[in-house]
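Residue-level structure breakdown
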Amino acid sequence: AQAWAWITAIHLVRADTERARPACERLAELAPDLVGAACQAQIDALTGRATLAATSLRAALQAERDADPALRLWALTRLAETEECRGDAAAAERAYRDALALQRTDVYLLAAYADFLLDNGRAAEVVPLLKDHARADVLLLRLAIAAKATQAANRAALARELAARFDAARMRGDASHRKEEARFVLVVQGQPDRALALARANYEQQREVADARILLEAALAARQRAAAQAGLDWMRRSGIESPVLRALGAKLREVP
């Protein structure tokens, strides 16, 4: 099951849902029902069936109330992201809060909920959420974005710390954080051209929703529609329903 879970994840990172689906089916044969339902929901949410994905995943969570807390947290986070994908912010927040109520520190969950808060104009809530978790680069990024949005006194210090971490990673030859660095350069440092270069290099390797989003955001800020064509093509092929991505795509199509 662990092997099939990793195979599914690798295909999803590459936005290859055609290969991810059979791997997910093999995983479902070997893992608890909730794992199979969450895996299938991930793929459905990426291929224009977010409502079906949310409905099936909610039913699986209801049926397995006594599932391992770590598994429930993972499934609830997937549900929250799926609800966001279909544009239901209230349902997404309920799922996020249910996951947080399990009181298990999870970097992915904290990052996803922080992004939800930022997207909904609630940057002030990100600070207390993440203030004790800044050791993780992905969480420090959200904290720095929130600090800038709220004009916090420590916003410059947070930006310097994050820039130093990205510099250190580059010196080690570690290019795995290009997505996060692109977002930092765009949102915190306000350098769209540099952010776009990072986002394009990242999208050659990783093509999840967040990777497509920063590519579109950077291309829009830099007024370079053609640079985001790979992301726009994926959106059209996949049928993804994300209101955020669709809005970005619509704005990009207006760029000369």
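Since we're looking at a predicted model, the values are computed, not measured.

Digging into the nonpolar core
If you look at the biggest cluster of nonpolar residues, it comprises 88 residues, and the most contacted ones within it are Leu34, Leu57, Leu130, Phe184, Leu216, Trp234 and Leu252. Those residues in contact with Trp234 that sit more than four places away from it in its chain are Ala15, Leu46, Tyr203, Val209, Ala212, Ile240 and Leu245.

Topic: unusual backbone geometry
One non-glycine residue, Ala15, adopts positive backbone phi at about 60 degrees. Structurally, Ala15 can be placed in the loop between α1 (2–13) and α2 (17–30). What makes Ala15 partly exposed here is its relative accessible area of 23%. Positive phi, close to 55 degrees, is recorded for Gln103, a residue that is not glycine. Checked against the element boundaries, Gln103 lands in the loop between α6 (89–100) and α7 (107–119). Among the residues examined, Gln103 registers a relative accessible area of 74% and is labelled exposed.

Considerations on the environment of Leu117
Checked against the element boundaries, Leu117 lands in helix α7. Spatially, the C-alpha atom of Leu117 lies 9.1 Å from that of Glu93, the residues being 24 residues apart in sequence. Beyond its immediate sequence surroundings of up to four residues, Leu117 is in contact with Arg122, Ala123, Glu125, Val126 and Leu129.

Focus: the packing of helix α10 (residues 155–171) against helix α11 (residues 178–188)
Look at α10 against α11: their axes get within 11 Å of each other, and the N-to-C directions meet at 145 degrees. Pair α10 / α11 crosses with left-handed handedness. Here Ala159, Leu162, Ala163, Phe166 and Arg170 of α10 come into contact with α11, specifically with Glu180, Glu181, Phe184 and Val188.

What counts, and where the lines are drawn
Counting restarts for each chain, with residues numbered from 1 along the sequence as it is written. For a predicted model such as this one, the threshold for reporting local features is a pLDDT of at least 70, and the threshold for listing and counting side-chain atom pairs is 80 or more; totals across whole chains, interfaces and linings nevertheless cover every residue. Think of the side-chain values as coming from all heavy atoms in the structure, minus any hydrogens and water. In these notes, a set of buried Ala, Val, Leu, Ile, Met, Phe, Trp, Tyr and Cys residues joined through side-chain atoms within 4.5 Å is what counts as a nonpolar core. The buried label applies to any residue whose accessible area, calculated with a 1.4 Å probe on protein chains only, is under 20% of its type's maximum; exposed applies above 50%, and partly exposed to all values in between. Any two residues whose heavy atoms approach within 4.5 Å are treated as being in contact. In this description a helix means any DSSP run of H or I spanning at least four residues, a strand means any run of E spanning at least two, and both kinds are numbered starting from the N terminus. Between N-to-C directions, angles span 0 to 180 degrees; the directions come from axes that are lines fitted to C-alpha atoms, helices contributing only their stretch in contact. Two helices cross in a left-handed way if the nearer one is turned anticlockwise from the farther one by less than a right angle. They cross in a right-handed way if the turn is clockwise.

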